[in-house]
Amino acid sequence: MQYKHYQHVLAFIFAIHEINRNPNLLPNMTLGFKIYDNFFEGMATYKSILDLFFKQQRNEPNYKCDKKGDVLFVIGGFMVEYVIRMANILSHYKFPQITYGTYEIPVTRNNFPFMAIREGTLYTGIVQLLLHFQWTWIGLIVSEADSGEGFLQRLTPLLARKSICVAFLERTVVAKDLNFDTNKNTVTHNILSIHSKLLSMTANVVVVNGDTQTLLLLVVILHTAEFKHRIVIGKVWITPPQWDFTSNIEDCCAKTFHGTLSFTTSTRPVPGFQDFLQTLKPDKSLTRFLCIFYKFAFGCCHDGEFKTCKHCTGEEKLESLPQSRFEMEMSDQSYRIYNALYAVVHALNAVYMSRPKTMLNRNTSKLVNIEPWQMHAFLKNVHFNNGAGHEVWFAQDDMSSGLDVINWVTFPNKSFLKIQVGKMSPSLEFTIHDDVIVWNSRFKQNLPRSTCVESCHVGHSKTVQEGEAICCYDCTPCPDDMMSNQTDVDMHSQTEHIIVECSEVSIIMLYSVLGYVFEAPGRLQRGSLALQTLQRAIATPRKLESLPQSLFEMEMSDQSYRIYNALYAVAHALNAIYTSRSKTMLNRDTFKLVNIEPWQIHSFLKNVHFNNGAGHEVCFANEELSFGLDVINWVTFRNKSFLKIQVGRMSPSQEFTIHDDDIVWNSIFKQNPPGSTCVESCRVGHRKTVREGKAVCCYDCTSCPDDMISNQTDAAHCVKCPEDQYPNKNQDQCIPKQTAFLNYKEPLGIGLVSIAFSFTATAVMVILIFLKNWNTPIVKANNQNLTGILLSSILLCYLSSLLFIGEPGKVSCLLRQSAFGIIFSVAISSVLAKTITVVLAFMATQPGNRMRKWLGKKVAHSIVLSCSLIQVGISTVWLSTSPPFPDVDMHSQTEHIIVECNEGSIIMLYSVLGYVGFLALTSFTVAFFARKLPDTFNEAKFITFSMLVFCSVWISFIPAYLSSKGKDVVAVEVFAILASNTGLLICIFLPKCYVIVLKPALNSKQLLTEKRSN
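Residues numbered from 1 in each chain as written. Predicted model: local features only at pLDDT ≥ 70, side-chain atom pairs only at ≥ 80, totals over all residues. Heavy atoms only, no water.

### Some words on the overall build of the chain
Of the regular secondary structure elements, the chain holds 24 helices and 35 strands. A total of 1014 residues make up the chain; the buried ones form 43% of that total. Summing over all exposed atoms, the chain offers an accessible surface of approximately 55900 Å²; the carbon and sulfur share of this is 56%. (Helix = DSSP H or I, 4+ residues; strand = E, 2+ residues; numbered from the N terminus. Buried < 20%, exposed > 50% of the residue type's maximum accessible area, 1.4 Å probe, protein only. Areas by Shrake-Rupley, 256 points an atom, 1.4 Å probe, with all protein chains shown as cover.)

Listed below in structure tokens is the structure:
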């Protein structure tokens, strides 16, 4: 809870009350206001602005549904991110926005006023402060938000210009809320990084800029160092105007922030403000914000405001709060709010005093028919003295009264003192009083030093260390003939005989051009000697073509060519003036140009267009003379001569051409085009991955993912193949996928078809055996009609598996699952009917049992028919609502497109299979309990075992089906059909076939009677 921010609201209300009591401002009118809180959220900022304009409960843009009052100004925006969001809406409706933050607004202002400290003043103040104390080695901590980047872009060039180096730069992450509940890992890493830099770096001065979140993050870092590691980070902190860290010294960091220097708005005490604060009470006359403030500050509230809060007694005084929580003096932010409100009122008063008919109702003395944008002209001309006697006005849409340099002195009892030690005036004049400053206790009141190295003594010069910042240098003694009479001299500029070095070099070069070179020139002793030598050189008759080519070229160089064209361009412009014969520029009697100023030639010069002596077309394009660029290959020879070969060209239209074969490379490359890359190029099938902390040219080569390719070297990204294609082995091209399905020609299909036909033939043989012995006792036992239905169903089950093999078609997709389900239901219901028949037969043999009447074929046939019809109904619903259809699967296999049947509704598929499983489980249960019934031809034991096999197969089918892909799914289901069907055939009918074929003597009624009698 930032208690001190509530003073902004109090200063605003104080100014409202003061204005409404002032008879000279808006007489007979009362100023109203609305206060909104954005809770440090961007969406809340947008909502508040829309709610302010259009309606209290619902935000409907461009519809004014609430007519309680007209809003003419908006004052607000302490943090730059929220100022931008407010301006996005306010500027659209041409609404004046006066903000009291300290920033350079990075949005189009649309000529609407912003009241803010111009950041140019702040940057200049920071640089002047650093230069004053010779702090050239500093640390920077900024927010990673746009405001932090803008701060760096404006400050760092000023630092570099003044040779101030940045020892370390850290950016604080932006969390979504002030409790850092989001991105905890990022925030933690950020905290550890800044903490490590603060402890390890030698810089004693740290410049900090950011919003409230940056402040809280820094407090967390300092709190960790102070209480966990028992380390007080003793630095000179330079903080921005929007920071007020004193609200945190109650918990920590009092020692750390001791001696901090900050820039604040120049303020003066406002009369009556402290009296206003002393008379405040939490009643209904205050806003809800202040009631909330009283709840957190004093733990009390007004009647009915909060249910769980005690009632305020009225004795609560703001001056009783600790200074770290609330200050009775008006802060600089509150002072800016106070001035902003008075600026608005003075603009409204100017409207009132001007009394135009369109804006004033003379009967009621109220402003009517005035739009917010009409206030801008009045606001720009505001100029007044505020209640503190401070002169306030707008300068270039900004209010600025300069900056004060404040020295913060903290005490062990958590109190603090603010001492003004300097000032940056609006005209950028910087003054500071060193003797008044209280430094951090670590420096023991000695002026802190913050440099990379110690200063160089007199007689030494600075030599920059290779690869280091310019502030990190070695101190090198001056040569014997040179001196330095001050510390930190950058270069040996003078000798005992005052001759500037650059002049000497220029003269020596001129001697060389004319063929005169000193063998040991040394330093020129007198200027007259140099002049005499130069005169002798010029007077000597020599031919220019006799000079070596390395000293002088007879062909016009490109620089000379540009001079030639520039002079001709000027001449053509003057000629255009002459030919136009303007009266103001030409004397017709003498035909001389008169009364012409240089700037008047500009319009003629822009239209120059001619061919020069070489036939080259010359004209101005975008106020520049441009002929394109030639790429020259320099070839040197042992005799010190050279050759220039044009091997390419960049045209004015940015078209680049070059002839590789004409280039002569350095002999070290043996005429092979040299390579110059940080790493080897990435081959096809790979992509570049930039190494963290390295240049973009230094990268690793990473293989493309399985479904992607790259068909060029050094590809930045891999390209995904179309769905119907897949990458080749090298992943440099896409190959069309082949269609695949379980067909009759592949080994798996051949094997399944062979098994199906083999068992089909077996089922046919069993049927023939049973037909031949149809009237024998073993066939008649347990209802021979059910036996026939069961055998027929088993035969059809084998044949139905063939519907799953081959290319899926519309008919096969419709039939295969439903046919399989119905046929299996008939088979299992027949087994269930046979089992129930055995149970009923045994029960009917007991004397007096009424089950005898249920014996017969009708009951068995009813069971088979009813159970089968249920499956038929499920299949009918399936086919009528979501029928299966042929489909393709692009993703199951990398190299194939699987042609398959889309089941339409997976729920209906599982319903069909589930019903078959239910019948099988029921049959198994009944057969299991009837397995020990005494009967000669009791099939319950065989049915139990067959159902056990059947259930085991289909239970194993479920995980295998779900884990399979492509055509393997079909193969798994076909195998399950064949295996479970074979279990029924073998377990039930193999024992009977054994008796019929191999033990016919046992298949007799006489033997059956004897066994029963026994």
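Further notes follow.
### Brief notes about the confidence of the model for the chain
Taken over all residues, the pLDDT of the chain has a mean of 77, while the share at 70 or more is 78%. Confidence over residues 491-531 falls short of pLDDT 50; this stretch has 40 contacts with residues more than four positions distant or in other chains. (pLDDT = per-residue confidence, 0-100. Contact = heavy atoms within 4.5 Å.)

### So, the sheet that holds strand β15 (residues 416-424)
One open sheet accounts for eight strands, arranged β4-β3-β5-β6-β7-β14-β15-β16; its pairing is mixed. At either end of the open sheet lies a strand with only one pairing partner, and these are β4 (165-172) and β16 (430-432). Within this sheet the neighbouring strands show an average axis-to-axis angle of 25 degrees, counted without direction. Inspection of the sheet shows strand β3 (residues 137-143) paired to β4 by seven bridges, in the parallel sense. Each residue of the ladder has a partner; that of Ile138, found in β4, is Val166. This element, helix α5 (residues 146-161), spans β3, β4 and β5 (205-209) of the sheet and lies at about 160 degrees to β3. (Pairing = 2+ DSSP bridges. Axes fitted to C-alpha atoms, helices over the stretch in contact; angles between N-to-C directions.)

### What about the pattern of salt bridges?
Counted according to the given criterion, the structure contains ten salt bridges. For Lys423, the salt bridge identified is with Asp404, shortest N-O distance 3.5 Å. Here the residue Lys423 occupies a position in strand β15, and Asp404 occupies one in strand β14 (residues 403-410), the gap between them amounting to 19 residues. (Salt bridge = Lys/Arg side-chain N within 4 Å of Asp/Glu carboxyl O.)

### Quick look at the nonpolar core
Of all hydrophobic cores here, the largest spans 66 residues; its most connected members are Phe950, Trp954 and Phe989. Among the elements of the structure, α16 (747-772), α17 (777-780), α18 (784-800), α19 (810-844), α20 (857-881), α21 (906-929), α22 (940-963) and α23 (967-998) are those that each provide at least two residues to this core. Once residues within four sequence positions are removed from consideration, Phe950 is found in contact with Phe824, Ile828, Val916, Ala920, Ser980 and Leu984. Ranked by size, the runner-up nonpolar core spans 55 residues in total, among them Ala11, Ile19, Phe276 and Leu348. (Core = buried A, V, L, I, M, F, W, Y, C linked by side-chain atoms within 4.5 Å.)

### Quick notes on unusual backbone geometry
Unlike most non-glycine residues, Leu26 shows phi in positive territory, near 50 degrees. Looking at the element boundaries, Leu26 is found in the loop between α1 (6-20) and α2 (42-53). Among the residues examined, Leu26 registers a relative accessible area of 6% and is labelled buried. Positioned with a positive phi, Ser163 is a non-glycine residue whose angle comes to about 60 degrees. Within the fold, Ser163 resides in the loop between α5 and β4. On the accessibility criterion, Ser163 (37% relative accessible area) is partly exposed.

### Remarks on the state of the cysteines
Per the counting criterion, the structure on display carries nine disulfides. Cys300 shares a disulfide with Cys312; S-S distance 2.0 Å. Classification of the bridge connecting Cys300 and Cys312 rests on its S-S torsion, roughly 95 degrees, and on that basis the disulfide is right-handed. Taken together, the positions of Cys300 in strand β8 (residues 300-301) and Cys312 in the loop between β9 (310-311) and α10 (332-354) put the pair twelve residues apart, joining distant regions of the chain. Exposure class is identical for Cys300 and Cys312. Each is buried. For Cys678, the disulfide goes to Cys698, at an S-S distance of 2.0 Å. Residues Cys678 and Cys698 are joined by a disulfide whose S-S torsion is about 105 degrees; by sign, that bridge is right-handed. (Disulfide = S-S within 2.5 Å.)

### Considerations on the pairing of β5
Two faces belong to every sheet, and in a regular strand the side chains alternate between them. Among the five residues that make up β5, five are buried, leaving the element largely enclosed by the rest of the structure. Of the two faces of β5, the one carrying Val205, Val207 and Asn209 and the one carrying Val206 and Val208 are both buried. Note: β3 against β5, five bridges, orientation parallel. Along β5, the bridge assignment pairs Val142 with Asn209.

### What about the sheet that holds strand β34 (residues 885-889)?
Strands pair in a sheet through their backbones, by hydrogen bonds, and they do so in one of two ways: parallel or antiparallel. Strand order in the open sheet formed by three strands is β33-β35-β34, and the pairing between neighbours is mixed. Lying at the two open borders of the sheet, with one neighbouring strand each, are β33 (738-740) and β34. This sheet shows a mean twist of 30 degrees between the axes of neighbouring strands, independent of strand direction. As paired strands, β34 and strand β35 (residues 896-902) are joined by five bridges and run antiparallel to one another. Residue pairing in the sheet places Asp889 in a bridge with Ile898 of β35.

### Some thoughts on α23
Because an α-helix packs 3.6 residues into every turn, residues spaced three or four apart end up facing the same way. Over its 32 residues, α23 extends 43 Å from the first C-alpha to the last, a length consistent with the 46 Å expected when each residue adds 1.5 Å. At Phe989, α23 is deflected by roughly 45 degrees, the largest bend along its length, and proline Pro991 occurs up to four residues later in sequence. (Expected span 1.5 Å × (residues − 1). Bend = angle between axes of the 7 residues up to and from the residue.)

### Structural notes on a nonpolar patch on the surface
Side chains of Ile906, Ile907, Tyr910, Ile958 and Leu962 sit close together on the surface and give an oily, nonpolar patch of about 520 Å² of accessible area. Every element with two or more residues in the nonpolar patch is listed here: α21 and α22. The biggest single contributor to the nonpolar patch is α21, with three residues. One can find Tyr910 in helix α21. On the basis of relative accessible area, Tyr910 is assigned to the partly exposed category, the value being 39%. (Patch = residues over 30% accessible without salt bridge, like charges linked within 9 Å, V, L, I, M, F, W, Y side chains within 5 Å.)

### Some thoughts on the packing of aromatic side chains
Summed over all chains, the structure comprises 27 aromatic pairs. Between Phe950 and Trp954, the aromatic rings sit 6.4 Å apart at their centres with planes inclined by 45 degrees, giving tilted as the arrangement. Of this pair, Phe950 and Trp954 both sit in helix α22, separated by four residues, roughly a single helical turn. Residue Trp954 is classed as buried on the basis of its relative accessible area, which comes to 12%. Among the aromatic side chains, those forming a connected cluster through ring pairs are Phe14, Phe273, Phe276, Tyr338, Tyr342 and Phe384. (Phe/Tyr/Trp six-rings, centres within 6.5 Å; stacked < 30°, edge-to-face > 60°.)

### Remarks on the side chain of Asn349
Examined against the element boundaries, Asn349 turns out to sit in helix α10. The buried category is assigned to Asn349, whose relative accessible area is 11%. Not counting residues within four places of it along the chain, the set of residues in contact with Asn349 comprises Asn24, Leu25, Leu26 and Pro27.

### Things to note about the pairing of β35
Judged from the three bridges that link them, β33 and β35 form a sheet pairing that is parallel. Bridging across to β35, Thr739 finds its partner in Ile897. Between the end of β34 and the start of β35, which pair antiparallel, lie six residues.

### Description of the environment of Ala203
Following the sequence through the fold, Ala203 ends up in the loop between α6 (184-200) and β5. The class for Ala203 is buried, based on a relative accessible area of 0%. Residues Ala203 and Arg449, 246 residues apart in the sequence, show an inter-C-alpha distance of 8.5 Å. Setting aside its immediate chain neighbours within four residues, Ala203 contacts Trp137, Ile138, Gly139, Ala167, Lys235 and Ser450.

### Notes on α2
Its twelve residues place the ends of α2 17 Å apart at the C-alpha level, agreeing with the 16 Å of an ideal helix rising 1.5 Å per residue. Burial analysis of α2 places nine of its twelve residues in the buried class, which makes it a mostly covered element. Taken as a whole, α2 has its buried residues at Gly42, Ala44, Thr45, Ser48, Ile49, Leu50, Asp51, Leu52 and Phe53.

### Topic: the packing of α18 against α23
Across the interface, α18 lies against α23 with an axial gap of 10 Å and an inter-helix angle of 150 degrees. Classified by the angle their axes make, α18 and α23 are roughly antiparallel. The crossing of α18 and α23 is left-handed. Where α18 abuts α23, its residues Thr787, Leu790, Leu791, Ile794, Cys797 and Tyr798 lie against Ile977, Leu978, Asn981, Thr982, Leu984, Leu985, Ile988 and Phe989. Along the lines of polarity and charge, the residues of the contact of α18 with α23 split into eleven nonpolar, three polar and no charged. (Parallel < 35°, antiparallel > 145°, perpendicular 65-115°, else oblique. Left-handed = near helix turned anticlockwise from the far one by under 90°. Nonpolar A, V, L, I, M, F, W, Y, C, P; charged D, E, K, R; others polar.)

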